[in-house]
Amino acid sequence: MAQRIGYLTRVEKFSACHRLHSPHLTDEENLNTYTKCNNPNGHGHNYRVEVTLRGPISPTDGMVMNINDLKKYMNIAIMDTMDHKHLDKDVPYFKNIVSTTENVAIYIFDSLSELLPNPKLLYEVKIYETDNNIVFYRGE
């Protein structure tokens, strides 16, 4: 029988604030581009993050990865780093990178890739910034 491939997804929620402001744009261009999200004092979101792994289902333990291990890696990459933080001020990655949800997804993907014993299992990071605004990133 051929090796079975499974998709394993775990969800975490975190709260953080940020300001959408690019150092490559003038203040006027930033305001026109990001509108109310360019508020000098920032604004916040209750993010929902779905991390999906894709890989062979082990014939020994029946898992793509132990969900408790995935939870540990997500806590390090997401919760410890970003929960109840100001992304632009507390997360060095965003010092010169605009903290759009697209870039937050890239940050999480790259952080998890460094932590996972087999980074090739990481399939997708999906972030719900709001109920209406959703971004996913697959390392492409």
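Residues numbered from 1 in each chain as written. Predicted model: local features only at pLDDT ≥ 70, side-chain atom pairs only at ≥ 80, totals over all residues. Heavy atoms only, no water.

### A few points about helix α2 (residues 67–82)
Cut-off, in case you're wondering: Strands here are runs of E lasting at least two residues and helices are runs of H or I lasting at least four, both read from the DSSP assignment and numbered beginning at the N terminus. To estimate the expected span of a helix, subtract one from its residue number and multiply by 1.5 Å. A simple rule labels every residue: compare its accessible area, found with a 1.4 Å probe on the protein chains alone, to the largest value its type can have, and call it buried under 20%, exposed over 50%, or partly exposed in between. Residue contacts are counted whenever heavy atoms from the two residues lie within 4.5 Å of one another. What qualifies as a polar contact is a pair of N or O atoms within 3.5 Å, subject to a donor-acceptor requirement within protein and to the restriction that residues adjacent in sequence count only when both atoms come from side chains.
Over its 16 residues, α2 extends 21 Å from the first C-alpha to the last, a length consistent with the 22 Å expected when each residue adds 1.5 Å. If you check which residues of α2 are buried, you get Leu70, Tyr73, Met74, Ala77, Ile78, Met79 and Met82. Among the structural elements, β1 (5–18), β2 (43–56), β3 (85–86), α3 (87–90) and α4 (101–115) are those in contact with the buried residues of α2. N-capping of α2 is provided by Asn66, with a side-chain oxygen placed 2.8 Å from the backbone N of Asn68. A positive phi of about 60 degrees marks His84, the residue just after α2.

### Regarding the pairing of strand β5 (residues 134–137)
Put simply, the rule reads: Strands are labelled as partners when DSSP assigns at least two bridges between them.
Here β5 shows a buried face lined by Val135 and Tyr137 and an unburied face lined by Ile134 and Phe136. Here four bridges tie strand β4 (residues 122–128) to β5, and the two strands are oriented antiparallel to one another. The partner of Lys126 across the bridge, within β5, is Phe136. Adjacent in sequence and paired antiparallel, β4 and β5 are bridged by five residues.

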